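Notes for the structure review
Residues per chain, in single letters:
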Amino acid sequence: MSSINQDVFDKVSGVLQDLFELSADSIHPSSNLYQDLDIDSIDAVDLVVELKKMTGKKINPEDFKSVRTVEDVVIAVEKLFV
């Protein structure tokens, strides 16, 4: 990961830890949100709300429909700043 990716990953990881009481050790770029981290669809909505607060950007729910892994979340967040 580049330093920008690492920064975004760290922020996303922090949100996941705070919001869902996950340990930092369980959060990896390849972690599947639904299978590995046990996040359900309602949790995913909460995650989008927190990411909106974190970024200050409007988030299109369509952009998150294909998100499956932590890395997918990081990439989607990075796209908000392009």
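Refer to the structure presented above.
These lines cover the structure that appears in this document, whether it is placed above or below.

The rules behind these values
Residues numbered from 1 in each chain as written. Predicted model: local features only at pLDDT ≥ 70, side-chain atom pairs only at ≥ 80, totals over all residues. Heavy atoms only, no water. Helix = DSSP H or I, 4+ residues; strand = E, 2+ residues; numbered from the N terminus. Rg over C-alpha atoms; globule rule 2.2 N^0.38 Å. Buried < 20%, exposed > 50% of the residue type's maximum accessible area, 1.4 Å probe, protein only. Axes fitted to C-alpha atoms, helices over the stretch in contact; angles between N-to-C directions. Parallel < 35°, antiparallel > 145°, perpendicular 65-115°, else oblique. Left-handed = near helix turned anticlockwise from the far one by under 90°. Contact = heavy atoms within 4.5 Å. Nonpolar A, V, L, I, M, F, W, Y, C, P; charged D, E, K, R; others polar. Salt bridge = Lys/Arg side-chain N within 4 Å of Asp/Glu carboxyl O.

1. Overview of the overall build of the chain
Across its full length, the chain holds three helices and zero strands. Listed by position from the N terminus, the elements making up the chain come as α-α-α. In summary, the chain has a C-alpha radius of gyration of 11 Å against a globular reference of 12 Å for 82 residues, a match within 12%. Projected onto its principal axes, the C-alpha positions of the chain cover 30 × 30 × 20 Å. Taking all 82 residues of the chain together, 35% fall into the buried category.

2. Some remarks on the packing of helix 2 (residues 41–55) against helix 3 (residues 70–80)
With their axes 11 Å apart at the nearest point, helix 2 and helix 3 run at an angle of 40 degrees to one another. Relative to helix 3, helix 2 is oriented oblique. Every pair of crossing elements has a handedness; the one defined by helix 2 and helix 3 is right-handed. Only Val73, Val77 and Leu80 of helix 3 make contact with helix 2, whose side of the interface consists of Leu47, Leu51, Met54 and Thr55. Residue composition of the contact of helix 2 with helix 3, by class: six nonpolar, one polar and no charged.

3. With respect to unusual backbone geometry
A positive phi angle, near 55 degrees, is found at Glu21, a position not held by glycine. Tracing the backbone shows Glu21 in the loop between helix 1 (3–20) and helix 2. Look at Glu21 and you get exposed, because its relative accessible area is 73%.

4. Digging into the pattern of salt bridges
Across all of its chains, the model carries two salt bridges by this definition. For Asp7, the salt bridge goes to Lys11, with nearest N and O atoms at 3.7 Å. In this pair, Asp7 and Lys11 both sit in helix 1, four residues apart, roughly one turn of the helix. The partly exposed category is assigned to Asp7, whose relative accessible area is 40%. According to the relative accessible area criterion, Lys11 is partly exposed, its value standing at 44%. The partner of Lys53 in a salt bridge is Glu50, and the shortest N-O contact between them spans 3.2 Å. Of this pair, Lys53 and Glu50 both sit in helix 2, three residues apart, which is roughly one turn of the helix.

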